[in-house]
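Listed below, chain by chain, are the residues.
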Amino acid sequence: MAAPRVFVTRQIPCIGLERLSEHCDVEVWPGELPPDRNTLLAKVPGAAGLLTLLSDRIDAEVFAAAGPQLKVVSNYAVGYNNIDTVEAQKRGVRVGNTPDVLTAATADMAVALLLAAARHLREGVDDVREGRWQTWKPLGYLGVELSDRTIGIVGGGRIGAAVAQRLHGGWKMRVLYTARSDKRDLEQATGARRVSFEELLEESDFVSIHCDLNPETAGMFDAAALQRMKPGSVLVNTARGGVVDQDALLEALRNGPLLGAGLDVTDPEPLSPEHPLAQAANCVIAPHIGSATREAREAMARIAADNLLAGLFDQPLPAAVV
Ligand code: DGY
């Protein structure tokens, strides 16, 4: 029997590709950039499996182009808002993701952005690079300290809980969180309290976003939400850019109430360097690198390959979305 054909939309750590190559006829897109739409549509016909990235939109058109032999889409990410899972289910295509293994890396990044925004790190670094550092300024770059403050975690899942644990353990922060249900482990580990979104915004000195992007959360941080945040507070987003209304964020950074923001995600990605948010001195933006540690990316490659192989050979997916 011929080996199933698989299309992988980017180079991923070789540990994953080697696993696939043992059992499949693998084509890997060689570009640094994602395949453009027409290329993607041209590559999928005949594939039994797709290994995709968060930058690949896998929708009804792609499923239709792939054809009925497509069995599984394995996303190389924990988030899967790039995949139309309803359409996948309709067509009996299974979908997998890579949870857990990037939790620590992403939580570390959230803390890094929080610290950077709280201490005006971007402004300081820019001033050094661009020759504006003239002297030690008693009143310059005044940030806020983390100890004994309140962190508000939006979405008390794995990454949100890991951020809460870091901030509670390291800086004794009080933890508030929003989630669909109580998170007893998080509460026991950190004394966290589940509150309404409004209370979280009003009470938190730092707010860190860890929810999925879905129709309910899209634009959730709009002008009304951002204006409800505490004066001098900091917003961190390592989830998805679409959760935050960027115009409203810009306004909140320029005219209050926010001291700063730390973003690992934007909408769109990449964000143009000309975008006013990219220019704002009190906004630290990283190029979606939350999971970018060797450990996390290799583990993601292993799980993504295992999901794909399981789907191809009719086994339960180790990490199934549908
Ligand atoms: C994910 O996995 O969803 C992150 O955004 C990228 O690693």
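Reading guide: rules and limits
Residues numbered from 1 in each chain as written. Predicted model: local features only at pLDDT ≥ 70, side-chain atom pairs only at ≥ 80, totals over all residues. Heavy atoms only, no water. Axes fitted to C-alpha atoms, helices over the stretch in contact; angles between N-to-C directions. Helix = DSSP H or I, 4+ residues; strand = E, 2+ residues; numbered from the N terminus. Parallel < 35°, antiparallel > 145°, perpendicular 65-115°, else oblique. Left-handed = near helix turned anticlockwise from the far one by under 90°. Contact = heavy atoms within 4.5 Å. Domains from an automatic or database assignment. Buried area = accessible area lost by both parts, 1.4 Å probe. Salt bridge = Lys/Arg side-chain N within 4 Å of Asp/Glu carboxyl O. Nonpolar A, V, L, I, M, F, W, Y, C, P; charged D, E, K, R; others polar. Core = buried A, V, L, I, M, F, W, Y, C linked by side-chain atoms within 4.5 Å. Buried < 20%, exposed > 50% of the residue type's maximum accessible area, 1.4 Å probe, protein only. Arc of directions from axis to C-beta. Pairing = 2+ DSSP bridges.

Student: For the packing of helix H5 (residues 103-118) against helix H7 (residues 158-171), give the residues involved together with the corresponding values.
Tutor: Orientation of H5 relative to H7, taken along the N-to-C sense of each, is 55 degrees, at an axis distance of 8 Å. If you check the angle between H5 and H7, you find them oblique. Remark: the crossing between H5 and H7 carries right-handed chirality. Residue-level contacts link Thr103, Ala104, Thr106, Ala107, Asp108, Ala110, Val111, Leu114 and Leu115 of H5 to Arg158, Ile159, Ala162, Val163, Arg166, Leu167 and Trp171 of H7.

Student: If you had to explain the domain arrangement of the chain to someone new, which residues and values would you point to?
Tutor: Along its sequence, the chain is organised into domain 1 (5-99 + 295-312) and domain 2 (103-285). Once you take the C-alpha centre of each, domain 1 and domain 2 turn out to be 31 Å apart. Facing the 5 residues of domain 1 at the interface are 5 residues of domain 2. Both sides together, the interface formed by domain 1 and domain 2 hides about 470 Å², and carbon and sulfur atoms give 53% of it. Three residues stand out in domain 1 for area buried against domain 2, namely Leu54, Asn81 and Pro99, and they jointly supply 65% of the buried area on that side. Here domain 1 is connected to domain 2 by 0 salt bridges. Taken together, the residues of the side of domain 1 that touches domain 2 break down into 3 nonpolar, 2 polar and no charged.

Student: Tell me about the nonpolar core, and please be specific about residues and values.
Tutor: Leu20, Tyr76, Ile151, Leu167 and Phe206 are the most contacted members of the largest nonpolar core, which totals 53 residues. Mapped by element, the contributors of at least two residues to this core are strand S1 (5-8), helix H1 (14-23), H5, strand S6 (150-154), H7, strand S7 (174-178), strand S10 (233-237) and helix H13 (294-312). Both of domain 1 (5-99 + 295-312) and domain 2 (103-285) provide at least three residues apiece to this core. Not counting residues within four places of it along the chain, the set of residues in contact with Leu20 comprises Val6, Val8, Val26, Leu51, Ala305, Leu308 and Leu309. Val207, Leu249, Leu250 and Leu263 belong to the second largest nonpolar core, which has 30 residues in total.

Student: A description of helix H6 (residues 121-129) should follow, citing residues and the corresponding values.
Tutor: Along an α-helix, residues three or four positions apart point the same way, because every turn accommodates 3.6 residues. Along H6, the positions that sit buried rather than exposed are Gly124, Asp126 and Asp127. Projected onto a plane normal to the axis of H6, the buried residues spread over an arc of 165 degrees and lie on a single side. Of the residues flanking the end of H6, it is Gly131, one or two places downstream, whose phi is positive at about 80 degrees.

Student: Describe the packing of H1 against H13, naming the residues involved and giving the relevant values.
Tutor: The packing of two helices is summarised by the inter-axis angle and the distance between the axes. For the pair H1 and H13, the least separation of the axes is 7 Å and the interaxial angle reads 20 degrees. Here H13 runs roughly parallel to H1, going by the angle between their axes. Where H1 abuts H13, its residues Ile15, Gly16, Arg19, Leu20 and His23 lie against Glu298, Ala301, Arg302, Ala305, Asp306, Leu308 and Leu309. Residues belonging to the contact of H1 with H13 are distributed by class as follows: 6 nonpolar, 2 polar and 4 charged.

Student: Can you break down the sheet that holds strand S11 (residues 258-263) residue by residue, with the values?
Tutor: Taken together, the 7 strands give an open sheet; going across it, the order is S8-S7-S6-S9-S10-S11-S12, and neighbouring strands pair in parallel fashion. Looking at strand neighbours, the two that pair on one side only are strand S8 (193-194) and strand S12 (283-285), the edges of this open sheet. Pairing of S6 with S7 involves 5 bridges; the strand directions are parallel. Paired with Ile151 across the bridge in S7 is Val175. Relative to S11, H5 is tilted by about 145 degrees, and along the sheet it contacts S6, strand S9 (206-209), S10, S11 and S12.

Student: Account for the sheet that holds strand S3 (residues 49-52), naming residues and giving values.
Tutor: To summarise the sheet geometry, strands pair through backbone hydrogen bonds and adopt either a parallel or an antiparallel arrangement. The 5 strands lie next to each other as S2-S1-S3-S4-S5, forming an open sheet whose pairing is parallel. Each end of this open sheet is capped by a strand with a single partner; those strands are strand S2 (25-28) and strand S5 (94-96). Pairs of neighbouring strands in the sheet enclose a mean axial angle of 15 degrees, with direction left out of account. Where S1 and S3 come together, 3 bridges link them in parallel fashion. Along S3, the bridge assignment pairs Phe7 with Leu50. Contacts from H13 reach S1, S3, strand S4 (72-75) and S5, with the element oriented near 170 degrees to S4.

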